[in-house]
Amino acid sequence: MKSKSAAAPVQARWFSENPDKAWGEKFFLIYTPIWIFQTFLATVLGYGKTMGDVVSIIYSLLVVGPFVVVPFLIYKEAKAGKPWYQTYWFKANLYIAIFSLIGNYYGSEYFFDVLGMVYNYPNLHWTFDATLVGTGVQHTPVMMYILTHAYFMTYHTTAMVVLRRLRTSRFGQSSAWVFPVAVFVAAYFWAWMETFAMANPALAEVFYYKDLNRMLSIGSITYSCFFITSFPIFYWLDEKLNDTWGLIRTTAAALSASMLTFFLLDLWTKYIGPL
């Protein structure tokens, strides 16, 4: 006979039980193919080889801007029951903006010196890099900081949907190891997919890896460190109706994920070394 106090199993679901978060996730997913098409078109037409600093930043803002501007315009405060700066769409953007900023500032140095990534944008001169991390031979264009926001928002949102479906499934509820394994698989998947997608002839003159095969296999594990640390933290952002995050907690979470990533990248460099 079952105990009356036993908790009923959670129904498997793709989107959060928090309607505010579910709306944000659905919007980010809807916009994803649009920004991917924009970047694909720019790549095919070779705009990256000719745009200067100002134009490249304007282009990047046009790609990333809808993640913030559209929800601000169409998601009414009355529907959310809270001011816009307390909604999930805003806090998710805040988290990803911080994580992308630190990832580019410090993480890019590991891509340059450990993974053999090469940027060759002679038309771009505005860069922003760490001073004491890395050799300083290569630099990160400001444009990359903005575009990374779109990439990371899509990676995190798609991962959250899949992870939630697994975690709330009967299998996920009965096996504690399902979630961490799924985090690693999702992290490696996006790391590998981005590397594979960027390795195309249209970008060969401005972006490439010195050893693509090793980057796809081993290097993708290194890159996945970004998501192994961030996905489990980002997952809980406003996940529960009775535990919504404030801006300070959201900022602290993004900084924590960034520091953990920095630590893992450095440990990888120390014990595994460059490709």
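Definitions and cut-offs
Residues numbered from 1 in each chain as written. Predicted model: local features only at pLDDT ≥ 70, side-chain atom pairs only at ≥ 80, totals over all residues. Heavy atoms only, no water. Helix = DSSP H or I, 4+ residues; strand = E, 2+ residues; numbered from the N terminus. Buried < 20%, exposed > 50% of the residue type's maximum accessible area, 1.4 Å probe, protein only. Polar contact = N/O pair within 3.5 Å; in protein donor to acceptor, adjacent residues only side chain to side chain. Contact = heavy atoms within 4.5 Å. Axes fitted to C-alpha atoms, helices over the stretch in contact; angles between N-to-C directions. Parallel < 35°, antiparallel > 145°, perpendicular 65-115°, else oblique. Left-handed = near helix turned anticlockwise from the far one by under 90°. Nonpolar A, V, L, I, M, F, W, Y, C, P; charged D, E, K, R; others polar. 1 Å grid on protein atoms, 1.4 Å probe; cavity = no way out; pocket = protein on both sides within 12 Å on 5 of 7 lines; lining within 4 Å. Points joined across faces, edges and corners; volume = space filled by probe spheres on them.

K.L.:
Mind laying out the side chain of Asn18, listing which residues take part and the relevant values?
P.N.:
Relative to the assigned elements, Asn18 resides in the segment before helix 1 (19–45). A residue is classified by how much of its surface remains accessible, and Asn18, at 4% relative accessible area, is buried. For Asn18, the side chain forms a polar contact with the main-chain nitrogen of Asp20, separated by 3.1 Å. If we ignore the near neighbours within four places in the chain, the residues touching Asn18 are Asp238, Glu239, Leu241 and Thr244.

K.L.:
Can you explain the packing of helix 1 against helix 6 (residues 142–167)? Please cite residues and give values.
P.N.:
The packing of two helices is summarised by the inter-axis angle and the distance between the axes. For the pair helix 1 and helix 6, interaxial distance at closest approach is 10 Å and the crossing angle is 130°. In terms of orientation, helix 1 lies oblique with respect to helix 6. As for how helix 1 packs across helix 6, the hand of that crossing is left-handed. Along the contact surface, helix 1 presents Lys21, Glu25, Phe28, Leu29, Thr32 and Trp35, while helix 6 presents Ala150, Tyr151, Met153, Thr154, Thr157, Thr158, Met160, Val161 and Arg164. Grouping the constituent residues of the contact of helix 1 with helix 6 by class yields 8 nonpolar, 4 polar and 3 charged.

K.L.:
Account for empty space enclosed by the protein, naming residues and giving values.
P.N.:
Enumeration according to the criterion identifies 1 cavity of 30 Å³ or more in this entry. Among the elements of the structure, helix 5 (88–113) and helix 10 (247–271) are those that each provide at least two residues to the lining of the largest cavity. Here the element with the most residues in the lining of the largest cavity is helix 5; it accounts for 5 residues. Looking at the lining of the largest cavity residue by residue, the class counts come to 6 nonpolar, 4 polar and no charged.

K.L.:
Talk me through the environment of Asn104; I want residue IDs and the actual numbers.
P.N.:
With respect to the secondary-structure elements, Asn104 resides in helix 5. For Asn104, a relative accessible area of 5% corresponds to the buried category. Note: C-alpha distance between Asn104 and Ala130 (26 residues apart in sequence) is 9.0 Å. Excluding its chain neighbours within four sequence positions, the residues that come into contact with Asn104 are Thr140, Met144, Tyr145 and Thr148.

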